[in-house]
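# Inside the fold
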Amino acid sequence: MADESTRAPAEEPAAAKPVSALRRLRYLVPVFLFVALAAALGVQLLTGEPGKVPSALIDKPVPEFALPPVQGFEDAGGFASADLGQGEVALVNVFASWCGPCRVEHPLLMALAEAGTVPLYGINYKDTPADAERWLGRLGNPYRLMGADLDGRAAIEWGVYGVPETFVVDGAGRIRHRHIGVLSRHDIDETIVPLIEDLRE
Amino acid sequence: MRIASRALLAAACVLLGLVAGASAFTPDEPLADAALEARVRALHAELRCLVCQGQSIADSNAGLAQDMRAIVRERIAAGASDEEVTGFLVERYGDYVLLDPPVKPETYALWFGPAAVFVAGAGLVFALLRRARTAAGAAGEARPEPLSAEERRRLDALLDDDA
């Protein structure tokens with residue numbers, strides 16, 4: 001560099017050395033910045049869930065909706081906003097007979113209902129009434145109440161963009177948790193049930 | 001008999017047509033009012049199809065996108081403002097439903113970050129260039145004296161050694 005050529009020559013190169021070593025390290029600053037940025041982006045890339053949109057409704061009251069019963073299950077329906085928030089923590093599950101993952105989580109929901117862990121409510125999303133009736137008839141009905149959301153408008157009120165989705169609603173009728181996609185045994189044991197127990201206290 | 005059944009069929013067709021026409025807001029049936037329809041189209045292009053994520057609801061044929069298109073059209077037809085329509089969807093789906101993220105404190109980094117980085121970088125380059133120029137100027141003023149004959153001889157010797 002220009003200023004080095006003007007420095008006194010030869011005599012004290014040893015004394016100049018540590019200074020120049022430090023100065024040289026300055027050029028690593030961009031490398032460190034790059035590594036930090038890459039790490040931040042990498043963590044997001046590897047652990048983020050780009051397919052999952054955070055719910056805008058967390059801690060908000062359940063939306064207004066009122067659904068007629070599912071065909072063949074008139075005694076367990078319909079289902080409306082007023083059924084929630086009656087002092088009881090509840091699980092609201094959006095499902096459809098045409099939805100493969102719903103079939104996967106269905107036995108878990110049945111087990112929850114049979115164990116009496118938590119009351120389940122169902123929103124039957126854009127289903128053909130006859131298909132829904134047959135599906136529930138064959139696999140069993142875990143829901144205390146069910147509503148048929150034939151045109152999908154109630155699901156939009158809930159901010160649902162795919163089935164299955166499951167919401168935990170507290171006793172005051174506020175949405176406290178949203179699970180997008182199929183529920184696993186792990187999700188239920190590690191997230192859903194502990195949250196329900198917390199909310200009951 | 002055959003004529004009767006044919007007449008019946010024709011009547012059924014007409015009736016079906018009427019019913020189809022009357023079911024007001026199929027997602028893509030344009031509104032009669034061109035100005036309103038233009039607003040509907042503009043909103044469709046601004047809203048994200050949440051199932052496909054990278055597309056607007058105007059570009060997607062997913063069921064949810066069709067429903068959202070219908071909702072936009074219905075609400076505009078009912079006299080809602082653009083903000084009311086997007087507000088309805090943002091309340092349910094969050095800002096993510098807007099393809100253009102709104103400008104607010106949480107998104108300042110997103111909106112202004114690149115410009116800030118550019119300005120900072122330009123400032124840095126400018127400062128470095130200026131320093132280099134003043135250093136060069138100073139070096140020019142304090143130009144070292146030309147080599148003496150002795151120095152020249154040592155230099156040549158060193159260079160020869162190297163070769």
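Residues numbered from 1 in each chain as written. Chains lettered and ligands numbered in written order. Predicted model: local features only at pLDDT ≥ 70, side-chain atom pairs only at ≥ 80, totals over all residues. Heavy atoms only, no water.

## Focus on the overall build of chain A
For chain A, the count of helices and strands is seven helices and seven strands. Secondary structure elements of chain A occur, N-terminal to C-terminal, as α-α-α-β-β-β-α-β-α-β-α-β-β-α. Long-range pairs, those at least 24 residues apart, make up 74% of the contacts in chain A with a sequence separation of at least 6. Surface accessibility of chain A: about 10,900 Å² in total, with carbon and sulfur atoms responsible for 61%. (Helix = DSSP H or I, 4+ residues; strand = E, 2+ residues; numbered from the N terminus. Contact = heavy atoms within 4.5 Å. Areas by Shrake-Rupley, 256 points an atom, 1.4 Å probe, with all protein chains shown as cover.)

## Concerning the packing of helix α4 (residues 100–115) of chain A against helix α5 (residues 129–139) of chain A
All names here are of chain A. Where α4 contacts α5, the two axes come as close as 11 Å, and the packing angle between them is 50 degrees. Taken together, α4 and α5 sit at an angle that is classed as oblique. Crossing angle aside, the handedness with which α4 passes α5 is right-handed. In contact with Cys102, Arg103, His106 and Met110 of α4, α5 contributes Trp135, Leu136, Arg138 and Leu139. Each residue belonging to the contact of α4 with α5 can be placed in one class, and the counts come to five nonpolar, one polar and two charged. (Axes fitted to C-alpha atoms, helices over the stretch in contact; angles between N-to-C directions. Parallel < 35°, antiparallel > 145°, perpendicular 65-115°, else oblique. Left-handed = near helix turned anticlockwise from the far one by under 90°. Nonpolar A, V, L, I, M, F, W, Y, C, P; charged D, E, K, R; others polar.)

## Section: the pairing of strand β3 (residues 90–95) of chain A
Residue and element names in this part refer to chain A. The buried fraction of β3 amounts to six of the six residues, a majority that puts the element mostly inside the structure. Of the two faces of β3, both are covered, the one formed by Ala90, Val92 and Val94 as well as the one formed by Leu91, Asn93 and Phe95. In terms of strand pairing, β3 meets strand β6 (residues 165–169) through five bridges, oriented antiparallel. If you follow Ala90 over to β6, its bridge partner there is Val169. Once the chain exits β3 it traverses α4 before rejoining the sheet at strand β4 (residues 120–125), and the crossover so formed is right-handed. (Buried < 20%, exposed > 50% of the residue type's maximum accessible area, 1.4 Å probe, protein only. Pairing = 2+ DSSP bridges. Right-handed = clockwise from strand over helix to strand, strands pointing away.)

## Some remarks on the interface of chain B and chain A
Facing the 19 residues of chain B at the interface are 18 residues of chain A. Summing both sides of the interface, chain B and chain A together bury roughly 1,500 Å²; the carbon and sulfur share of this comes to 54%. The largest share of the area that chain B buries against chain A comes from B:Asp67, B:Arg92 and B:Tyr93, three residues that together contribute 37% of it. Linking chain B with chain A are three salt bridges. At the junction of chain B with chain A, the criterion picks out four residue pairs in polar contact (both at pLDDT 80 or more). (Buried area = accessible area lost by both parts, 1.4 Å probe. Salt bridge = Lys/Arg side-chain N within 4 Å of Asp/Glu carboxyl O. Polar contact = N/O pair within 3.5 Å; in protein donor to acceptor, adjacent residues only side chain to side chain.)

## Focus on the nonpolar core
Soluble globular proteins tend to pack their nonpolar side chains together in the buried interior. Ranked by size, the top nonpolar core spans 70 residues in total, and within it A:Leu84, A:Val92, A:Trp158 and B:Val72 carry the most contacts. Of all the elements, helix α3 (residues 63–77) of chain B adds the most residues to this core, at six residues. (Core = buried A, V, L, I, M, F, W, Y, C linked by side-chain atoms within 4.5 Å.)

## What about the environment of A:Asp170?
Residue and element names in this part refer to chain A. Along the chain, Asp170 falls in the loop between β6 and β7 (175–180). Counting along the chain gives 84 residues from Asp170 to Gln86, while the straight-line C-alpha distance between them is 9.0 Å. Excluding residues within four positions of it along the chain, Asp170 makes contact with Gly85, Glu88, Val89, Arg176 and Leu199. A polar atom in the side chain of Asp170 sits 2.9 Å from the backbone nitrogen of Ala172.

## Some points on helix α7 (residues 185–200) of chain A
All names here are of chain A. For α7, which comprises 16 residues, the first-to-last C-alpha distance of 21 Å matches the rise-based estimate of 22 Å (1.5 Å per residue) to within 8%. Those residues of α7 not exposed but buried are Asp187, Ile188, Ile192, Val193, Ile196 and Leu199. Close packing links the buried residues of α7 with β3, α4, β6 and β7. (Expected span 1.5 Å × (residues − 1).)

## A few points about the side chain of B:Arg92
Looking at the secondary structure, you find B:Arg92 in helix α4 (residues 82–93). Note on B:Arg92: relative accessible area 11%, which makes it buried. Excluding residues within four positions of it along the chain, B:Arg92 makes contact with A:Ala56, A:Leu57, A:Ile156, A:Glu157 and A:Gly159.

## Some words on the sheet that holds β3(A)
By definition, the strands of a sheet pair up through backbone hydrogen bonds, in either a parallel or an antiparallel sense. All names here are of chain A. The strand order across the open sheet built from five strands is β5-β4-β3-β6-β7, with neighbouring strands paired in mixed fashion. Strands at the two margins of the open sheet, each flanked by one partner only, are β5 (145–149) and β7. In this sheet, neighbouring strand axes are inclined to one another by 15 degrees on average, regardless of whether the strands run parallel or antiparallel. Packed on one face of the sheet, α4 meets β3, β4 and β6 and runs near 155 degrees to β3.

## A few points about the packing of aromatic side chains
A complete count under the given rule lists eight aromatic pairs over all chains for this structure. Summarising the aromatic geometry, the rings of A:Phe65 and A:Phe79 are spaced 5.0 Å apart at their centres and angled 75 degrees between planes, so their arrangement reads as edge-to-face. Of the two residues, A:Phe65 sits in the loop between α3 (29–47) and β1 (66–67) while A:Phe79 sits in strand β2 (residues 79–80), which places them 14 residues apart along the sequence. Accessibility expressed as a relative area gives 0% for A:Phe79, which makes it buried. Pairwise contacts between aromatic rings join A:Phe65, A:Phe79, A:Tyr121, A:Trp158 and A:Phe167 into one cluster. Across the ring face of A:Tyr27, the terminal group of A:Arg26 is positioned such that the distance to the ring centre comes to 5.6 Å. Here the basic side chain of B:Arg92 rests over the ring of B:Phe88, its NZ or CZ set 3.9 Å away from the ring centre. (Phe/Tyr/Trp six-rings, centres within 6.5 Å; stacked < 30°, edge-to-face > 60°. Lys NZ or Arg CZ within 6 Å of the ring centre and 35° of its normal.)

## Remarks on the packing of helix α2 (residues 34–46) of chain B against α3(B)
All names here are of chain B. Here α2 crosses α3 at 145 degrees, and the two axes come no closer than 10 Å. The handedness of the crossing between α2 and α3 comes out as right-handed. The segment α2 lies against α3, with Leu36, Glu37, Arg39, Val40, Arg41, Leu43 and His44 engaging Arg69, Val72, Arg73 and Ile76. Considering only residue class, the contact of α2 with α3 consists of five nonpolar, one polar and five charged.

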